[in-house]
Amino acid sequence: MSTLLEIYGEEAGRQSARYAQALAAFRAAFGPGEVHAFRAPGRVNLIGEHTDYNHGYVLPVALDRDILVLARRRADSTLRLCNLEAGYAPLAFSAGPAIPPATRGDWSNYARAAAQALARRIGPCMAGLDGLVAGGAPYGVPRGAGLSSSSALTVVVAVALAHLNGQALGPDEGDVARPAGAAGERAAFAFFCSQAEWYVGTRGGIMDHFAALAGRRDQALFLDCRPDAGGRYATEHLPLPDSYRLLVVDSGVHHENARGQFNERVGCCRAGVGLLQKYYAGRPGTTGGITHLRDLQDVPWRELEPVLPEEITPRELRRQDVELGDLPGLDDDTRLRVRARCRHVWSENRRVLAAAAALRAKDVATLGKLLDEAHASARDDYEISCPELESLVGAAHEAGGVAGARLTGAGWGGCMVALVHASAVAAFEEHVRRRYAAETGLACSIFACRAGPGAGLVDL
Ligand code: NG1
């Protein structure tokens, strides 16, 4: 259990008012009695986009912006949740191993995802909860902005349910990569939550849940998304550069079809794996099975490229005995740009390794250059940018004191992250706001990211 001071530092006073307001709302909705507070943060990804589901490397930062759930155990298996934010209707459903989903896009699906996964783990006597969700501005995680508000909600409901059913999550155990590292209960829980979120239809990876559970104040999380044979993940917490700020700029744009496009990108990577598996099968000198693009990370790109077609459809892949597996929303005639997508993943993994080295060496210039290169790859090879993000990144490059800037998160809208010298923050904000408004007619919102700790129980 952590205190507000441990979690929020000098912001603890303001947070205390937020918690008091949430507590009053909880009591108004569910009456007096025992109540517990849980939180899970959003994250901004510094570098390593669309690498996690390929068992690659990522470098996210947990935010000090979070979603709270104030909750009380129920005697039955029902979950009743209300939300302090307008536009999120109260919800109630019965938890069990097969919870029917609500309509697509309904916020309750993230709670259903967590409850179904927990019910499968805990069994038929899992208790439900009455809960109040507080995740709105100014302390919450902006919705649909590529800052993982959905994963924060999944994680916080899972943490609350686990705790109320006697399976409280232990404290952060330290980096697994370090000799003293423990088995990683939080890592296992992150994996569990990432699988739980597949309930909503996207086939994402472990990064968001890991960042939400294993973040630390003022540090980025370097994570190898490939578990070892014992299911352990190697992590390393790396201090963020002192004299620079991570500025998060929300374009305010969220593209509707992003979810379908997400699974299409996953499909391209799976196609690449299938084709490379066939190519390498039985070749002398090739050992071990290929299950993810990560397995080919050390092979020179020029060797991989000819095996990967520029475009191919799932129908054609099937004719070649390559199956893509379960990918909701992907149809047989979708043109998959396999070569460019795999090139992004292959090159992005290298950039993340180099970025972690640059952070260790406190080499901001190299880190910034890698962010710029990652943006170009995301734009050209993974094609997840959009005119609004291009406008933001263009504006960032015109401002002084910017080491690097890139889109962050899944893409197709959402946020840019920029590494800006502390002395240049005000001028950056002014320039980016003005230039973005002039170019797009839209207002962006900007905040400085402060890295916060991972999810858990809060001492009220
Ligand atoms: P966001 O940006 O929260 O939609 C998604 C995936 C991540 C990762 C990134 C791209 C989920 C829950 N999250 O994040 O796992 O693949 O895109 O790097 O699917």
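Remember, predicted model here, so these are calculated numbers, not experimental data. (Residues numbered from 1 in each chain as written. Predicted model: local features only at pLDDT ≥ 70, side-chain atom pairs only at ≥ 80, totals over all residues. Heavy atoms only, no water.)

Enquirer: Tell me about the sheet that holds strand β11 (residues 445-449), and please be specific about residues and values.
Expert: Backbone hydrogen bonds hold the strands of a sheet together, and the pairing may be parallel or antiparallel. The four strands are arranged β9-β10-β8-β11 in an open sheet whose pairing can be described as antiparallel. Looking at strand neighbours, the two that pair on one side only are β9 (402-408) and β11, the edges of this open sheet. If you compare each strand with its neighbour and ignore which way they point, the axes differ by 20° on average. The pairing of β9 with strand β10 (residues 413-421) spans six bridges and is classified as antiparallel. When the sheet's bridge partners are listed, Val402 is paired in β10 with Val420. (Pairing = 2+ DSSP bridges. Helix = DSSP H or I, 4+ residues; strand = E, 2+ residues; numbered from the N terminus. Axes fitted to C-alpha atoms, helices over the stretch in contact; angles between N-to-C directions.)

Enquirer: Mind laying out the site of the ligand, listing which residues take part and the relevant values?
Expert: Among the 17 residues in the neighbourhood of the ligand, the closest are listed as Glu49, His50, Asp52, Asp208 and Ala410. Within the side chain of Glu49, an N or O atom sits 2.7 Å from an oxygen atom of the ligand. The backbone of Gly205 places a nitrogen or oxygen atom 3.0 Å from an oxygen atom of the ligand. Look at the ligand: alone it shows 440 Å² of surface, and the protein chains cover 96% of it. Residue assignment for the shell around the ligand shows that the elements contributing at least two residues are α6 (207-214) and α7 (258-280). In the shell around the ligand, the residues fall into four nonpolar, seven polar and six charged. (Near = heavy atom within 4 Å. Polar contact = N/O pair within 3.5 Å; in protein donor to acceptor, adjacent residues only side chain to side chain. Areas by Shrake-Rupley, 256 points an atom, 1.4 Å probe, with all protein chains shown as cover. Nonpolar A, V, L, I, M, F, W, Y, C, P; charged D, E, K, R; others polar.)

Enquirer: Give a detailed account of helix α2 (residues 12-30), specifying residues and quantitative values.
Expert: Here α2 is 19 residues long and its end C-alpha atoms lie 26 Å apart, about the 27 Å a rise of 1.5 Å per residue gives. Every buried residue belonging to α2 is among Ala12, Gln15, Arg18, Tyr19, Ala22, Leu23, Ala25, Phe26 and Phe30, and all of these are buried. Relative to the axis of α2, the buried residues are bounded by an arc of 165° and lie together on one face. Turned more than 90 degrees off the buried face of α2, the exposed positions are Gly13, Arg14, Gln21 and Ala28. On its buried face, α2 sits against α1 (4-8), β1 (36-47), β2 (57-73), β3 (78-83), β5 (129-134) and β12 (456-458). Note on α2: the residue one or two positions beyond its end, Gly31, has a positive phi of about 85°. (Expected span 1.5 Å × (residues − 1). Buried < 20%, exposed > 50% of the residue type's maximum accessible area, 1.4 Å probe, protein only. Arc of directions from axis to C-beta. Contact = heavy atoms within 4.5 Å.)

Enquirer: Please set out unusual backbone geometry residue by residue, giving values where relevant.
Expert: Looking along the chain, the bond that leaves Ala137 and enters Pro138 is cis, with omega of 0°. With respect to the element layout, Pro138 can be found in the loop between β5 and α4 (149-164). You will see that Asp321, though not glycine, has its phi angle at about 65°, which is positive. Residue position: Asp321 is located in the loop between α9 (314-319) and α10 (338-360). A positive phi angle is found at Lys362, which is not glycine, with a value near 55°.

Enquirer: So, the nonpolar core: which residues are in play, and what are the values?
Expert: Within the largest apolar cluster, 88 residues are counted, with the highest numbers of intra-cluster contacts made by Leu59, Leu147, Val157, Phe189 and Phe210. In terms of residue count, α4 provides more of this core than any other element does, 11 residues in total. (Core = buried A, V, L, I, M, F, W, Y, C linked by side-chain atoms within 4.5 Å.)

Enquirer: Talk me through the packing of aromatic side chains; I want residue IDs and the actual numbers.
Expert: One pass over the structure, following the stated rule, counts nine aromatic pairs. On the basis of an interplanar angle of 85° and a centroid distance of 4.9 Å, the ring pair of Tyr279 and Tyr280 is categorised as edge-to-face. Residue class for Tyr279 comes out partly exposed when judged on its relative accessible area of 30%. Against the face of Tyr88 rests Arg143, its NZ or CZ located 4.7 Å from the ring centre. (Phe/Tyr/Trp six-rings, centres within 6.5 Å; stacked < 30°, edge-to-face > 60°. Lys NZ or Arg CZ within 6 Å of the ring centre and 35° of its normal.)

Enquirer: I'd love a proper account of empty space enclosed by the protein, names of residues and values included.
Expert: Enumeration according to the criterion identifies two cavities of 30 Å³ or more in this entry. What lines the second largest cavity is Leu276, Leu293, Leu296, Gln297, Trp301, Leu304, Cys342 and Trp346. Looking at the lining of the second largest cavity residue by residue, the class counts come to seven nonpolar, one polar and no charged. (1 Å grid on protein atoms, 1.4 Å probe; cavity = no way out; pocket = protein on both sides within 12 Å on 5 of 7 lines; lining within 4 Å. Points joined across faces, edges and corners; volume = space filled by probe spheres on them.)

Enquirer: Tell me what's going on with the pairing of strand β4 (residues 91-94), and back it up with residues and numbers.
Expert: Burial along β4 is one-sided: Leu91 and Phe93 are buried, and none of Ala92 and Ser94, which face the opposite way, are. Where β3 and β4 come together, four bridges link them in antiparallel fashion. Bridging across to β4, Leu79 finds its partner in Phe93.

Enquirer: Quick one: what's the story with the packing of helix α3 (residues 108-122) against α4, residue by residue and with numbers?
Expert: At a closest axis distance of 8 Å, the pairing of α3 and α4 adopts a crossing angle of 40°. As the angle between them shows, α3 and α4 are arranged oblique. In this structure, α3 meets α4 at a crossing whose hand is right-handed. Along its contact with α3, which presents Tyr110, Ala111, Ala114, Ala115 and Leu118, the element α4 presents Ser150, Leu153, Thr154, Val157, Ala158, Leu161 and Ala162. Split by residue class, the contact of α3 with α4 holds 10 nonpolar, two polar and no charged. (Parallel < 35°, antiparallel > 145°, perpendicular 65-115°, else oblique. Left-handed = near helix turned anticlockwise from the far one by under 90°.)

Enquirer: Pulling in residues and values, what's your account of the environment of Phe26?
Expert: Assignment of secondary structure puts Phe26 in helix α2. For Phe26, the contacting residues outside a window of four places in its chain are Gly31, Val35, Leu70, Ala71, Arg72, Asp130, Gly131 and Leu132.

Enquirer: Can you lay out the environment of Leu296 for me, pointing to particular residues and giving the numbers?
Expert: Assignment of secondary structure puts Leu296 in the loop between α7 and α8 (301-304). The class for Leu296 is buried, based on a relative accessible area of 4%. For Leu296 and Leu276, which are 20 residues apart along the polypeptide, the C-alpha to C-alpha distance reads 8.7 Å. Residues in contact with Leu296, not counting those within four places in the same chain, are Leu276, Tyr280, Ile290, Leu304 and Trp346.

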